[in-house]
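Remarks on the overall topology
Given next are the chains, with one letter for each unit.
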Amino acid sequence: MSTPNRFAFFNGEIVPIEQARVSVMTNGLNYGTGCFEGIRAYWNAEEEQLLVFQLQAHMERLKRSCKILYMDIPYSVDELCQITLDLLRCEGFQEDTYIRPLVYKSDPAIAVQMNNLTDSFTLFALPFGQYIAGSAARVCVSSWRRIEDNVIPARAKPTGAYINTALAKTEALLNGYDEAIVLSADGQVSEASSANLFIVRNGTLITPPVTSDILEGITRQVVVELARTELSATVVERSIDRTELYLADEVFFCGTGVEVKPIIEIDRRPVGNGVIGPISARLVQHYSDIVRGRNARYRHWCTVV
Ligand code: PMP
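Here the structure is a predicted model, which means the values were calculated and not measured.

Criteria and cut-off values
Residues numbered from 1 in each chain as written. Predicted model: local features only at pLDDT ≥ 70, side-chain atom pairs only at ≥ 80, totals over all residues. Heavy atoms only, no water. 1 Å grid on protein atoms, 1.4 Å probe; cavity = no way out; pocket = protein on both sides within 12 Å on 5 of 7 lines; lining within 4 Å. Points joined across faces, edges and corners; volume = space filled by probe spheres on them. Helix = DSSP H or I, 4+ residues; strand = E, 2+ residues; numbered from the N terminus. Nonpolar A, V, L, I, M, F, W, Y, C, P; charged D, E, K, R; others polar. Domains from an automatic or database assignment. Contact = heavy atoms within 4.5 Å. Buried area = accessible area lost by both parts, 1.4 Å probe. Salt bridge = Lys/Arg side-chain N within 4 Å of Asp/Glu carboxyl O. Polar contact = N/O pair within 3.5 Å; in protein donor to acceptor, adjacent residues only side chain to side chain. Core = buried A, V, L, I, M, F, W, Y, C linked by side-chain atoms within 4.5 Å. Buried < 20%, exposed > 50% of the residue type's maximum accessible area, 1.4 Å probe, protein only. Near = heavy atom within 4 Å. Areas by Shrake-Rupley, 256 points an atom, 1.4 Å probe, with all protein chains shown as cover. Sits in = over half its atoms within 2 Å of the grid points. Expected span 1.5 Å × (residues − 1).

This next bit is on empty space enclosed by the protein. This model, assessed by the stated rule, comprises 2 cavities of 30 Å³ or more. Here the largest cavity defines a volume of roughly 50 Å³. Arg 40, Tyr 42, Phe 53, His 58, Ile 218, Thr 219, Thr 256 and Tyr 287 together form the lining of the largest cavity. Secondary-structure elements contributing two or more residues to the lining of the largest cavity are strand E4 (39–44) and helix H5 (218–229). Of the residues in the lining of the largest cavity, the class split is 4 nonpolar, 3 polar and 1 charged.

Roughly 550 Å³ of volume is contained in the largest pocket. Along the wall of the largest pocket there are 20 residues; nearest its centre are Ile 17, Ala 20, Arg 21, Val 22 and Phe 124. Mapped by element, the contributors of at least two residues to the lining of the largest pocket are helix H1 (27–31), strand E6 (97–105) and strand E7 (119–127). Residue composition of the lining of the largest pocket, by class: 9 nonpolar, 9 polar and 2 charged. In terms of lining, the second largest pocket is formed by 28 residues, of which the most central are Tyr 98, Lys 157, Ser 194, Thr 256 and Gly 257. For the lining of the second largest pocket, the two domains that each supply at least three residues are domain 1 (7–127) and domain 2 (137–291).

Looking now at the domain arrangement of the chain. Segmenting the chain into domains produces domain 1 (7–127) and domain 2 (137–291). The gap between the C-alpha centroids of domain 1 and domain 2 is 26 Å. Opposite the 20 residues of domain 1 that make contact, domain 2 presents 19 residues. It is Phe 36, Phe 53 and Arg 61 in domain 1 that bury the most area against domain 2; as a group they hold 36% of the surface buried on that side. On inspection of domain 1 and its partner domain 2, the count reaches 0 salt bridges. Where domain 1 touches domain 2, the interface holds 10 residue pairs in polar contact (both at pLDDT 80 or more). Ranked by residues supplied to the side of domain 1 that touches domain 2, first place goes to helix H2 (residues 55–68) with 5 residues. Each residue belonging to the side of domain 1 that touches domain 2 can be placed in one class, and the counts come to 10 nonpolar, 7 polar and 3 charged.

Here we come to the environment of Arg 201. Within the secondary structure layout, Arg 201 lies in strand E11 (residues 196–201). Considered as a pair, Arg 201 and Leu 245 are 44 residues apart in the sequence and their alpha carbons are 9.8 Å apart. A distance of 3.0 Å separates the side chain of Arg 201 from the side chain of Glu 244, its partner in a polar contact.

Looking now at the nonpolar core. Of all hydrophobic cores here, the largest spans 30 residues; its most connected members are Val 52, Met 59, Leu 62, Ile 99, Val 103 and Phe 121. Elements that contribute at least two residues to this core include exactly strand E1 (7–10), E4, strand E5 (49–53), H2, helix H3 (77–91), E6 and E7. Per-element tally for this core: the top contributor is H3, with 7 residues. Membership of the second largest hydrophobic core comes to 25 residues, among which are Tyr 42, Val 224, Leu 231 and Val 291.

Take the site of the ligand next. Close contacts around the ligand come from 15 residues, with Arg 61, Tyr 162, Ile 218, Thr 219 and Thr 256 the closest. Within the side chain of Arg 61, one N or O atom sits 2.7 Å away from an oxygen atom of the ligand. At a separation of 2.5 Å, an oxygen atom of the ligand approaches a polar side-chain atom of Thr 219. Alone, the ligand offers 380 Å² of accessible surface; in the complex the protein occludes 97% of this. When atoms are counted within 2 Å of each cavity's grid points, the one that captures over half of the ligand is the second largest pocket.

Let us now look at H5. The first and last C-alpha atoms of H5 sit 17 Å apart over 12 residues, in line with the 16 Å expected at 1.5 Å per residue. The set of residues buried in H5 consists of Ile 218, Thr 219, Arg 220, Val 222, Val 223, Val 224, Leu 226 and Ala 227.

So, on to the pattern of salt bridges. Enumeration over the complete set of coordinates arrives at 17 salt bridges. Across the pair Glu 265 and Arg 268 runs a salt bridge whose closest N-O atoms are separated by 3.8 Å. One network of salt bridges, in which partners are shared, links Arg 138, Glu 265 and Arg 268.

Here's what the structure looks like:
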């Protein structure tokens, strides 16, 4: 199958993508023993530059995932950032791009364990548009529950954990929705299948705490900062009941993939008046300016390729 990208970082060097191949016996393929990141780079047409958003923060989280999962790679965060920039310079994309660093157990071994196996690192990038089409989404509450931290570490990004995402997303799509909201095992709102979630009630932004089996999202942190600094809004981290979703004035998802995505319908009930709310709209605008490096105050979140 041909791909829009030409290279990958594989076994310590940048190689043509056709050479970045693994065996069917790869442990990570058989057991999901890996962890990864999802990073976006944005094309700034005026400057004719590609800007990677929050590169360092993503690589720091990759290292944290590795730590939780007994994995280790011989690269520092700075080196991982440099590998990313080198790869992007080889590709020369002049459009919005998605970057995928991946650490995986590469031995051809029937061994369901994390220790005494080899950790390999690969990274590739490809052009990427919207994750959910359109300016707003219609979603459902999933019948699937979010993985519990004591089942599969929820604050890491283990490859195998994304079966949970895939099941929730598939169910939502087959039932005619754009996305799913996933509850934690104890029935509280956790997050979307691959994004964090905020609700707005009476002008206050509310998001589940990091102890609600969420991924500690980088965009979530960005939204908290923008809400406080740019909107002078109060942000509260507390558990959210399912029925609060139905009564919220606004609900939106945030994540590298979905960016800031207003939700206008949940389980066939309109969110607020069923149109994009004012706080969500302002955050969408701020976010899209900032990721393209158009807001000097947050330019340090962008790395020029
Ligand atoms: N939750 C899950 C399960 C995710 O996969 C993602 C995407 N990485 C997020 C939340 C959002 O995290 P971030 O803002 O760091 O991309």
